[in-house]
Amino acid sequence: MREFILKANKAITSGDVNLKDLPGSCGRLDLVCRCVSSAFFLSHDLRRDTVFYSVHYGNPSPPVALKFMGSELKRVSPDERGIAIFIKKALEKEHLSIWKESTPGIYHAKKEFRDIILERNKEGKKIFYLHKDGKPIEELFNPAQYKKDVVFVLGDHMGIGEEDENFLDEIGAERVSISPLELHANHCIVIVHNIMDKIECLHVSNNIN
Ligand SMILES: C[S@@+](CC[C@H](N)C(=O)[O-])C[C@H]1O[C@@H](n2cnc3c(N)ncnc32)[C@H](O)[C@@H]1O
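These lines cover the structure that appears in this document, whether it is placed above or below. Here the residue numbering is sequential within each chain, running from 1 through the sequence in written order. Per-residue local features are limited, in this predicted model, to residues with pLDDT of at least 70; the limit for side-chain atom pairs, both in listing and counting, is 80 or more; totals at the level of whole chains, interfaces and linings are taken over all residues. Side-chain measures were taken over the full set of non-hydrogen atoms in the model, leaving aside hydrogen atoms and water.

## Quick look at the sheet that holds strand E4 (residues 50–56)
Phase 1 of the analysis: Pairing is mixed across the open sheet formed by eight strands, whose spatial order is E6-E7-E5-E4-E1-E9-E8-E10. The sheet is open, and its two edges are formed by strand E6 (100–103) and strand E10 (174–177), each paired on a single side. For this sheet, the mean angle separating the axes of adjacent strands, direction not counted, is 30°.
Phase 2 of the analysis: Inspection of the sheet shows E4 paired to strand E5 (residues 64–69) by six bridges, in the antiparallel sense. When the sheet's bridge partners are listed, Val 55 is paired in E5 with Ala 65.
Phase 3 of the analysis: Should any heavy atoms of two residues lie within 4.5 Å, those residues are considered in contact. Helix axes are fitted only over the stretch in contact, all axes being lines through C-alpha atoms; the angle between N-to-C directions runs from 0 to 180 degrees. Here a helix means four or more residues in a row that DSSP labels H or I, a strand means two or more in a row labelled E, and each is numbered from the N terminus. Across the sheet, helix H2 (residues 80–91) is in contact with E4, E5, E6 and strand E7 (106–109); its angle to E5 comes to roughly 130°.
Phase 4 of the analysis: Docked against the sheet, helix H3 (residues 113–122) engages strand E1 (2–8), E4, E5, strand E8 (126–136) and strand E9 (150–155), running at close to 165° with respect to E1. Should DSSP find at least two bridges between two strands, the strands are taken to pair.

This is the structure:
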């Protein structure tokens, strides 16, 4: 399973989503939608082995966490507006401390960014923090040491902030870089998928031969 956890610092936390103004009044909800699209959509197919979380810290009542399960998603299309309609439906609901399903494969809860990371960590999953100055990804992942269950944490246009960076250091998350350049969050997801796809293919064919 590949999991991505996005901290969306300004993303809206109510169903008051103006579909004509995702970047402005919705607190860069356009960015969240692009990340969802990059996390799941292949040409004419979906990545069913992926889970994507976005944790919203915008107005009016942060935090609100959304969880998208590739194995369960239905009727969602790759375009930003289409994804935003499903996010709006999830944000309109009442959020409890446990996950509740809004539409197939899309869940919502009143959970903190750190709690979601800690839950994954307690499940024994290795946490990687996507960071420009981290260890090159090629040094951490290769076909011989293939890791199937991986969790990648990333920030939005504002990053994740110093306190959450310290938290990730404390729990032993490893910083991993995919480029010497600062990239958009959704492009990071595409690149990580691409690298992991190639490693998985080599791992599988090496084990067969
Ligand atoms: C647009 S960048 C954030 C820029 C922001 N100014 C900051 O200080 O972090 C969005 C996120 O993508 C990830 N990212 C960007 N470039 C990366 C790179 N070269 N390698 C790994 N992750 C990267 C980081 O998690 C970052 O928080």
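## Observations regarding empty space enclosed by the protein
Phase 1 of the analysis: Both cavities and pockets are sets of points on a 1 Å grid over the protein atoms alone; in a cavity a 1.4 Å probe fits but cannot get out, in a pocket the set is open with protein on both sides within 12 Å along at least five of seven lines, and lining residues sit with an atom within 4 Å of a point. Grid points are joined across faces, edges and corners, and a volume is the space filled by probe spheres set on the points. Enumeration over the complete set of coordinates arrives at one cavity of 30 Å³ or more.
Phase 2 of the analysis: Considering only enclosed or pocket space, the largest cavity measures out at about 40 Å³ in volume.
Phase 3 of the analysis: Around the largest cavity sit Met 1, Arg 2, Asp 49, Tyr 146, Lys 147, Lys 148, Met 196 and Glu 200, which together line it.
Phase 4 of the analysis: Taken together, the residues of the lining of the largest cavity sort by class into three nonpolar, no polar and five charged. Under the convention adopted here, Pro, Cys and the residues Ala, Val, Leu, Ile, Met, Phe, Trp and Tyr are nonpolar, Asp, Glu, Lys and Arg are charged, and Gly plus all remaining residues are polar.

## Focus on the site of the ligand
Phase 1 of the analysis: If even one non-hydrogen atom of a residue comes within 4 Å of a molecule or strand, that residue is called near it. Neighbouring the ligand are 17 residues; Leu 130, Ile 178, Ser 179, Leu 181 and Leu 183 lie closest to it.
Phase 2 of the analysis: Any N or O atom pair separated by 3.5 Å or less is treated as a polar contact, with the protein-specific requirement of one donor-capable and one acceptor-capable atom, and with residues adjacent in sequence counted only for side-chain atom pairs. His 131 places a polar main-chain atom, nitrogen or oxygen, 3.3 Å from a nitrogen atom of the ligand.
Phase 3 of the analysis: With respect to the ligand, the backbone of Gly 155 contributes an N or O atom lying 3.2 Å from an oxygen atom.
Phase 4 of the analysis: Residue exposure ignores everything except the shown protein chains as possible cover, and the areas themselves are Shrake-Rupley values with a 1.4 Å probe. Here the ligand loses 80% of its free accessible area of 570 Å² to cover by the protein chains.
Phase 5 of the analysis: Comparing atom positions with the cavity grids shows the ligand to sit within the largest pocket. Each molecule is checked against the cavity or pocket grid, and it sits inside if more than half of its atoms lie within 2 Å of the grid points.

## Regarding the nonpolar core
Phase 1 of the analysis: Within this scheme, the nonpolar core is defined by two criteria: the residues are buried Ala, Val, Leu, Ile, Met, Phe, Trp, Tyr or Cys, and they are joined through side-chain atoms within 4.5 Å. Three labels apply to residues, based on accessible area from a 1.4 Å probe with only protein chains included: buried if under 20% of the type maximum, exposed if over 50%, partly exposed otherwise in between. If you look at the biggest cluster of nonpolar residues, it comprises 48 residues, and the most contacted ones within it are Leu 6, Leu 29, Phe 40, Phe 52, Ile 87, Phe 141 and Phe 152.
Phase 2 of the analysis: Every element with two or more residues in this core is listed here: E1, helix H1 (29–40), E5, H2, E8, helix H4 (137–140), E9 and helix H6 (185–208).
Phase 3 of the analysis: In terms of residues, this core owes the most to one element, H1, which gives eight residues.
Phase 4 of the analysis: Where each domain starts and ends follows an automatic or database-derived domain assignment. Each of domain 1 (2–113) and domain 2 (124–156 + 163–208) contributes no fewer than three residues to this core.
Phase 5 of the analysis: Apart from residues lying up to four places away in sequence, Phe 141 is in contact with Phe 128, Lys 147, Val 150, Phe 152, Met 196 and Ile 199.
Phase 6 of the analysis: Judged by nonpolar contacts, the second largest core, of 20 residues, contains Val 51, Val 151, Ile 160 and Phe 167.

## A short note on the layout of surface pockets
Phase 1 of the analysis: Size it by volume and the largest pocket reaches roughly 460 Å³.
Phase 2 of the analysis: What lines the largest pocket is a set of 26 residues, among which Leu 130, Gly 155, Asp 156, Glu 182 and Leu 183 lie closest to the centre.
Phase 3 of the analysis: Secondary structure elements with two or more residues in the lining of the largest pocket: H1, E8, E9, E10 and H6.
Phase 4 of the analysis: If you tally residues by element for the lining of the largest pocket, the top one is E8, at five residues.
Phase 5 of the analysis: Considering only residue class, the lining of the largest pocket consists of 11 nonpolar, eight polar and seven charged.
Phase 6 of the analysis: Taken domain by domain, the makeup of the lining of the largest pocket includes at least three residues from each of domain 1 (2–113) and domain 2 (124–156 + 163–208).

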